Amino acid sequence: MTCTIPALRPARLAAHGCTLAIVLGLAACGGSSDDTVVVVNPPVNPGTPTAPTLPTVVASGLQAPWSIAFYKGTPLVSERDSDRIVAVGSNGALSEVAVIAGVNGGGEGGLLGIAVRDDYLYVYFTAGTQNRIVRYPLSGTGASIRLGAVQSVLNGIPAASTHNGGRIAFGPDGMLYATAGDAANTARAQDMASMGGKILRMTPDGAVPRDNPFAGSYIYTLGHRNPQGIAWAADGTMYASEFGQNTWDELNRITAGANYGWPVVEGIGTDSRYTNPLQQWSTSTASPSGMTIHGSAIYLANLRGERLRQIPLAAPSTAVDRYTGEYGRLRDVVVTPEGKLWMMTNNTDGRGTPRSGDDRIVSIAL
């Protein structure tokens, strides 16, 4: 059976307020081979899941924060433009841990994603024409946390003033994953000789894992424009969020070796060579950035859409929007060691409208 998708390509601003809903079976549309239902601008499902409780402010006064990680229970935050790693105390006090040397990025570049593993802090940052991943030994506790000597993990990821990707996280397999944007050159996404427009996978010390889908390559998946968030469900399934261009932002299920279509396809397509997203949203309601999974739901922070999107794993074609417009732009969302959900605003990044106390980390008791 053949189905036809209307050629909808409104400009980014013109997409504002779009309420079009289209339900498609992936297999029927020549995309992924599974039978996942894909929803365009999915309808709100008011009954599932249960709404979180009233948020409380954990910390304020952050400057263009980008990522949160935890070391021995202490939250660490990267600030994109100041190049700082700051620790957040139990009373919300901010302590400078370090200023990362070598950061040289403008626009969307700078000090981006961080992750912690085995007493190391892993850092993704822009250094001129490349993005780099490095790690530092960690010592101390709380406000006394310090970084040891820098160790290189991976160099040569393409960089630009836009589309740097930047999220790093360890998967359940113990490997380090990194999102790399196309660095404003769309051809990179389909170029196997470039790390741009890819999700990358490496060992903790930066080697290519033997079981990567392309022998000798860091590339785990390709065909991405600007992937921003990655997370894993309890069963090991990997998900990623992605900025589209003018029409559709995406939530993808990530499968080793898969091609997600950019720049040939933005959002849902009909070409069987490419894997379709689980969901797509008009760019005016999304710009999905950091994401996490807690219990039975995916939580997705949205920048331009200014909302926390909650997506049931059991019904990934539906979604519930939380706190729309209440906190402004949201850059990251994480689960704390205590099992709370934290979302982090990003209103001081030059694109938002700062409010009193911005930028902030807000806690939600699930």
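Please refer to the structure higher up on the page.
Residues numbered from 1 in each chain as written. Predicted model: local features only at pLDDT ≥ 70, side-chain atom pairs only at ≥ 80, totals over all residues. Heavy atoms only, no water.

Q: Explain the overall build of the protein residue by residue, including any values.
A: Scanning the protein for helices and strands turns up 0 helices and 27 strands. Put simply, the protein has 366 residues, and 57% of those count as buried. Put simply, of all contacts in the protein between residues at least 6 apart along the chain, 54% involve residues at least 24 apart. When the accessible area of the protein is evaluated, it comes to approximately 13,900 Å², of which 51% is carbon and sulfur surface. (Helix = DSSP H or I, 4+ residues; strand = E, 2+ residues; numbered from the N terminus. Buried < 20%, exposed > 50% of the residue type's maximum accessible area, 1.4 Å probe, protein only. Contact = heavy atoms within 4.5 Å. Areas by Shrake-Rupley, 256 points an atom, 1.4 Å probe, with all protein chains shown as cover.)

Q: Tell me about the pattern of salt bridges, residues and numbers included.
A: Inspection of the entire model under this criterion finds 12 salt bridges. One salt bridge connects Glu 108 with Arg 351, and the closest N-O pair in it is separated by 3.1 Å. One end of the pair, Glu 108, is in the loop between strand E7 (94–99) and strand E8 (111–117); the other, Arg 351, is in the loop between strand E26 (341–345) and strand E27 (361–364), with 243 residues separating them in the sequence. Taking relative accessible area as the criterion, Arg 351 reaches 57% and is therefore assigned exposed. The partner of Arg 167 in a salt bridge is Asp 332, with the nearest N and O atoms 3.5 Å apart. Taken together, the residues span a long stretch of sequence, with Arg 167 in the loop between strand E12 (151–158) and strand E13 (168–170) and Asp 332 in strand E25 (residues 330–335) at a distance of 165 residues. For the pair Arg 167 and Asp 332, one class covers both residues: buried. Members of the salt-bridge network, linked through shared partners, are Glu 79, Arg 84 and Glu 96. (Salt bridge = Lys/Arg side-chain N within 4 Å of Asp/Glu carboxyl O.)

Q: Describe the sheet that holds strand E15 (residues 198–202), and please don't skip the residues or the numbers.
A: Spatially, 4 strands are ordered E13-E14-E15-E16 in an open sheet, and the strand pairing comes out antiparallel. Both outer strands of the open sheet, E13 and strand E16 (219–222), are each paired with one neighbouring strand and no more. Shown here is a sheet whose adjacent strand axes are inclined to one another by a mean of 20°, direction ignored. In this sheet, E16 lies alongside E15 in antiparallel orientation, the contact comprising 3 bridges. When the bridges of E16 are listed, Ile 199 appears paired with Thr 221. (Pairing = 2+ DSSP bridges. Axes fitted to C-alpha atoms, helices over the stretch in contact; angles between N-to-C directions.)

Q: With reference to specific residues and values, describe the sheet that holds strand E22 (residues 297–302).
A: If you walk across this open sheet you meet the 4 strands as E21-E22-E23-E24, and the pairing is antiparallel. Each end of this open sheet is capped by a strand with a single partner; those strands are strand E21 (288–294) and strand E24 (320–322). Direction aside, the axes of adjacent strands within the sheet are offset by 25° on average. Pairing between E21 and E22: 5 bridges, direction antiparallel. Of the residues in E22, the one forming a bridge with Ile 293 is Ile 298.

Q: Pulling in residues and values, what's your account of the pairing of strand E4 (residues 65–71)?
A: Counting buried positions along E4 yields 7 of 7 residues, so the element is predominantly enclosed. Here E4 pairs with strand E5 (residues 74–79) via 6 bridges, running antiparallel. Each bridged residue has a counterpart across the sheet, and for Pro 65 the counterpart in E5 is Glu 79.

Q: Help me get a handle on the pairing of strand E6 (residues 84–88), residues and values and all.
A: Counting buried residues in E6 gives 4 out of 5 residues, a clear majority hidden from the surface. By the bridge criterion, 3 bridges tie E5 to E6 in an arrangement that is antiparallel. The partner of Leu 76 across the bridge, within E6, is Ala 87. Counting the residues in the hairpin turn of E5 and E6 gives 4 residues, including Asp 83, whose phi is positive at 70°. For E6 and E7, the ladder comprises 5 bridges, and the chain directions are antiparallel. Within E7, the residue paired with Val 86 across the bridge is Glu 96. Linking two consecutive strands that pair antiparallel, namely E6 and E7, is a turn of 5 residues; a positive phi of about 90° is found at Gly 92 within it.

Q: Explain the side chain of Asp 332 residue by residue, including any values.
A: Taking the relative accessible area as the measure of exposure, Asp 332 reaches 3% and is therefore buried. A polar contact is formed between the side chain of Asp 332 and the backbone nitrogen of Ile 68, at a distance of 3.2 Å. Asp 332 has contacts with Trp 66, Ser 67, Ile 68, Arg 167, Gly 290, Met 291, Ala 301, Trp 342, Met 343 and Met 344, leaving out every residue within four places of it along the chain. (Polar contact = N/O pair within 3.5 Å; in protein donor to acceptor, adjacent residues only side chain to side chain.)

Q: Tell me about the nonpolar core, and please be specific about residues and values.
A: Grouped together as the largest cluster of nonpolar side chains are 20 residues, with contacts concentrated most on Ile 133, Leu 200 and Met 202. Apart from the residues within four sequence positions on either side, Leu 200 is in contact with Leu 154, Ile 157, Leu 176, Tyr 177, Ala 178, Ala 180, Met 195, Tyr 218, Ile 219 and Tyr 220. (Core = buried A, V, L, I, M, F, W, Y, C linked by side-chain atoms within 4.5 Å.)

Q: Would you mind going over the packing of aromatic side chains in detail, with residue names and values included?
A: Taken as a whole and assessed by the stated rule, the structure comprises 6 aromatic pairs. Seen in terms of ring centroids, Phe 70 and Trp 342 are 5.6 Å apart; in terms of plane orientation they differ by 55°. Their pairing is tilted. Of this pair, Phe 70 sits in strand E4 while Trp 342 sits in strand E26, placing them 272 residues apart in sequence. For Phe 70, a relative accessible area of 18% corresponds to the buried category. Classification of Trp 342 as buried rests on a relative accessible area of 9%. Among the aromatic residues, ring-to-ring pairing joins Tyr 120, Tyr 122 and Phe 170 into one connected group. (Phe/Tyr/Trp six-rings, centres within 6.5 Å; stacked < 30°, edge-to-face > 60°.)

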